[in-house]
Structure formats: structure tokens, C-alpha cells
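Reading the structure
Below, each chain spelled out in residue letters.
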Amino acid sequence: MDGLGRRLRASLRLKRGHGGTPQDNPGEAVKEPERAQEHPLPNFAGGQHFFEYLLVVSLKKKCLGDDYEPTITYQFPKRENLLRGQQEEEERLLKAIPLFCFPDGNEWAPLTEYPRETFSFVLTNVDGSRKIGYCRRLLPAGPGPRLPKVYCIISCIGCFGLFSKILDEVEKRHQISMAVIYPFMQGLREAAFPAPGKTVTLKSFIPDSGTEFISLTRPLDSHLEHVDFSSLLHCLSFEQILQIFASAVLERKIIFLAEGLSTLSQCIHATAALLYPFSWAHTYIPVVPESLLATVCCPTPFMVGVQMRFQQEVMDSPMEEVLLVNLCEGTFLMSVGDEKDILPPKLQEDILGSLGRGIKELKTSEEINEHVSGPFVQFFVKTVGHYASYIKREANGQGHFQERSFCKALTSKTNRRFVKKFVKTQLFSLFIQEAEKSKNPPAGYFQQKILEYEEQKKQKKPREKTVK
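All values derive from a computational prediction rather than experimental measurement. (Residues numbered from 1 in each chain as written. Predicted model: local features only at pLDDT ≥ 70, side-chain atom pairs only at ≥ 80, totals over all residues. Heavy atoms only, no water.)

Points about the confidence of the model for the protein chain
Here the protein chain averages 83 in pLDDT, and 86% of its residues register 70 or above. The least confident element of the protein chain, judged by mean pLDDT, is helix α1 (residues 2–12) at 37; the most confident is helix α6 (residues 238–249) at 98. Counting interchain partners and residues more than four positions distant, the pLDDT-below-50 stretch residues 1–45 has 134 contacts. (pLDDT = per-residue confidence, 0-100. Helix = DSSP H or I, 4+ residues; strand = E, 2+ residues; numbered from the N terminus. Contact = heavy atoms within 4.5 Å.)

This is how it looks when you write it as C-alpha cells:
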């Protein structure tokens, strides 16, 4: 672990900036992954800048040997007039990013064919906020063998569908000239990130094509805008997804193995999204770079993705209480053994029944996302949705959670047994700390589902009396 710590500090450790917001100080500290403590992907009301940087990362041959080193060959915008401390922070951030754009290692050879991949990574700041790297890796146009390169957009906003479309536009312009990218990204930088359900339209000129109008629409239901469940459904059965969810709820170690970077990042983001309204508060690395593979030996909880080429190295690592998921084969290579028994049996049946009902009729990604997420949200509604009634408030508004009474309020013994374990997790602790600070329950999607469930229970009681 000492070697891992040194590598992480050398490549990722950045000092805290002085003054300004994370958006103003893009070089704020990136923590070591094992200490990441905040929400994977925040929701945004709109109005923020779309991005902080657009980078092109290329492979450059090292002075000695045949290895290649990922290097930033284009950066927009260029930061000027930075204070010395800010400049050092920016340099450290920009030094860390190439590692995640080419997590496969340094052994490359020029290619004539290479499948384009869209993936993402997450860097955690000292203040707990997270920056997301949206990446498109492809073989640039040209004759003969050549090396792939990565377009990387750094943003603190989680909205994968929107940024995938932006990467499409960047890729299209890069095939013409880097000079054509600049006005498009400048226009995007000056535009405000839209509120849920709203659209931003950009005007962009392309040589030989004329002026184009590009519309970027944000999904109305913003709590799922950072995820696409299709990959997870393609790789695993409902029963396996449920077992992974159970492991995540108890904050165990979860490793995903896959060939493609896109599959890894999509599946790990989907798994984290199943925890809504709770947020994974531990190590969270969608694609682990080769130089950081020792992360899988960490004693603390983690959720990471590893490329299949490193499977043996992972299998040979000393690990305890790990769920190792092979996404290529749809199998568990390692497990604790009790994954089927963590969640209450009746609620497991409810989730599986809901997931299987009408899945074949779904067409759009939005429909699939809502269909998959819904049963897991209902699981939390049924087990912990009564939390607000057990926060007692002082005269100043500060709340205190009554844990014992909260657990006793559950009439089902199996539900109570599960909740007694769940309230001890950091997932629940962070959630309840925010609720204690807030004088009113948040008016979000989870609260809406709680109110709907309570209304259904009220309507059900008179019917039950009539039947009796």
C-alpha cells in the first residue's frame, strides 16, 4: 500500500486553492481515490458553465524504450494571469488527467483500425466536490498506421447524454481542423447549462457546410441524467443486478471487469445510480489506470472498474469481502456468499417482479432508466421513507435523528433487521446529516415518491376495513 500511496500522491494529490469556487479554481485538490468521501454525481438546477476544459490527449513516444506516454496536446481555454499557487494546482490537475484518458498502460503500437469508445472518469476535490472527465477515444483520420487520441471535456456537471452529443460535435470539427473547434467550444463556454427540461441552442459555422444550429436538451427528470442502464441490463440478469445492489447498500468492495472502457464506466455509474437517493461515499473509479491497480487491495469500501486484460493481476491481489463481476461473461468470479440474503425476501420479490414487467416494450433510454430505477427507489421508500418523522428539531431548527424509534417503527421483522444494518452505513449517515440540517424535507423525486406511497397506504386502509 505504501507504493500505491506514493503513486497516488505523485499523480493526483493537489493542494486546496485559495478563494473562489471549484468552477473558478479548476486546479483544486484531487484526493487519493481511497479517501473519496462525497457524492458521485451532483444534480444541477441549471445556470452553471458547461465545462472547465476541453483537452486533446495524444500518445507520445518516450525518449527511452518503445513505450508511449499520454500527453495533453491541446487545451481550451488556456489559463492566463493565474496566481502562482493556482498555476501549480492547474499543472497538477492537468498532469493527472492523461492517466485516466489512457488507463490501459503505455504499451501501444500504431493501428489502422480502432473502435471509438466513449467513457468517463471522476476526480474528487479536497472540498468533496467532483470533476467528471467525459472522453471520446478514437483513431484520428489519416493514411497508414497511427495512434488513438482522446478528446476529454472536464466538467463538474453530471449529464452523460448531453456531453456525448457535445463530443460528437467536437469529433466532427476536429476532422476538419482544430481551428474549427475553438468557436464552437467558446460558444458553449459562454452558454449557461440549461435547467431540467430546457434547451440551449448554439450557432456554429463549419467550412463547406455553413452555419449550423445545435440544440442541447437536458432531460426533465434530472436525477437520472447521468446514467444509462442499457449496458448493465445487457451484461447481467436482474437477479445479479439485485445482488450487486445489495452489496453496494452494505458498502462492500465491488470490482467490475470488462474489455471496453465504455461498458465499464456505464455499468459503474448505473450501479451507483441504483442507490438514489443515497450517494456512494467511498472510492469510486469507473476505470482504474494500470498504475493504480493496487487500489483493489484497499481495506476500505470501493466501487471500481478494471479492464479485462488485468484480470489475473486483480485475482492474485489479497482481497476480502469482494464482489468481482465479469461483465463480459455475466458471472461473479468472487463473492462473499450471502448476497441473496442481504435484502428482505418480500422486497426482493417486489423489485424482481417490477423489473421483469413490461421491459420488452421499452424503447427510449429515458423509459429504460425510469423502469430500472423505479423499483429500487420504491425499496428505499418502503424501508426508510419514514425518516423525516423521526427527526426531532430544537427551537433553532437543528434536527436530531431518533434512530431507535425509527427502526422500531417498521412492523416487518425482516425489514427492521435490514434497516438496523443500513443505518450504520455512511450512505445513510450522510443522507440523514443533510436531513438534520434542513428544516423542511427536500422537494425532490424521492420525497414525491414517499408522499405517493403514503397516500396509497391511506387509500388501502379503508378498502381493507370494507373487506373485513
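What follows picks up the thread again.
Concerning the pattern of salt bridges
Any two side chains of opposite charge can pair, so long as their charged atoms come close to each other. Applying the stated rule across the entire model yields 17 salt bridges. Across the salt bridge formed by Arg 137 and Glu 117, the nearest N and O atoms sit 3.9 Å from each other. Of this pair, Arg 137 sits in strand β4 (residues 130–138) while Glu 117 is found in strand β3 (residues 117–124), placing the two residues 20 residues apart along the sequence. Take Arg 137 and Glu 117: they sit in the same class, and that class is buried. The partner of Arg 136 in a salt bridge is Asp 168, with the nearest N and O atoms 2.9 Å apart. With Arg 136 in strand β4 and Asp 168 in helix α3 (residues 160–174), the pair connects residues that are 32 residues apart, well separated along the chain. By relative accessible area, which is 1% here, Arg 136 ends up buried. Connected through salt bridges with shared partners, the residues Asp 104, Glu 117, Arg 137 and Arg 309 form a single ionic network. (Salt bridge = Lys/Arg side-chain N within 4 Å of Asp/Glu carboxyl O. Buried < 20%, exposed > 50% of the residue type's maximum accessible area, 1.4 Å probe, protein only.)

Concerning the packing of α6 against helix α10 (residues 365–384)
Two elements in contact, α6 and α10, have axes whose closest approach is 12 Å; the angle formed by their N-to-C orientations is 40°. Put simply, α6 runs oblique to α10. Like other packed secondary-structure pairs, α6 and α10 cross with a definite hand, here right-handed. Seen from α6, the contacting residues are Ile 241, Leu 242, Phe 245 and Val 249; seen from α10, they are Phe 376, Phe 379 and Phe 380. Split by residue class, the contact of α6 with α10 holds seven nonpolar, no polar and no charged. (Axes fitted to C-alpha atoms, helices over the stretch in contact; angles between N-to-C directions. Parallel < 35°, antiparallel > 145°, perpendicular 65-115°, else oblique. Left-handed = near helix turned anticlockwise from the far one by under 90°. Nonpolar A, V, L, I, M, F, W, Y, C, P; charged D, E, K, R; others polar.)

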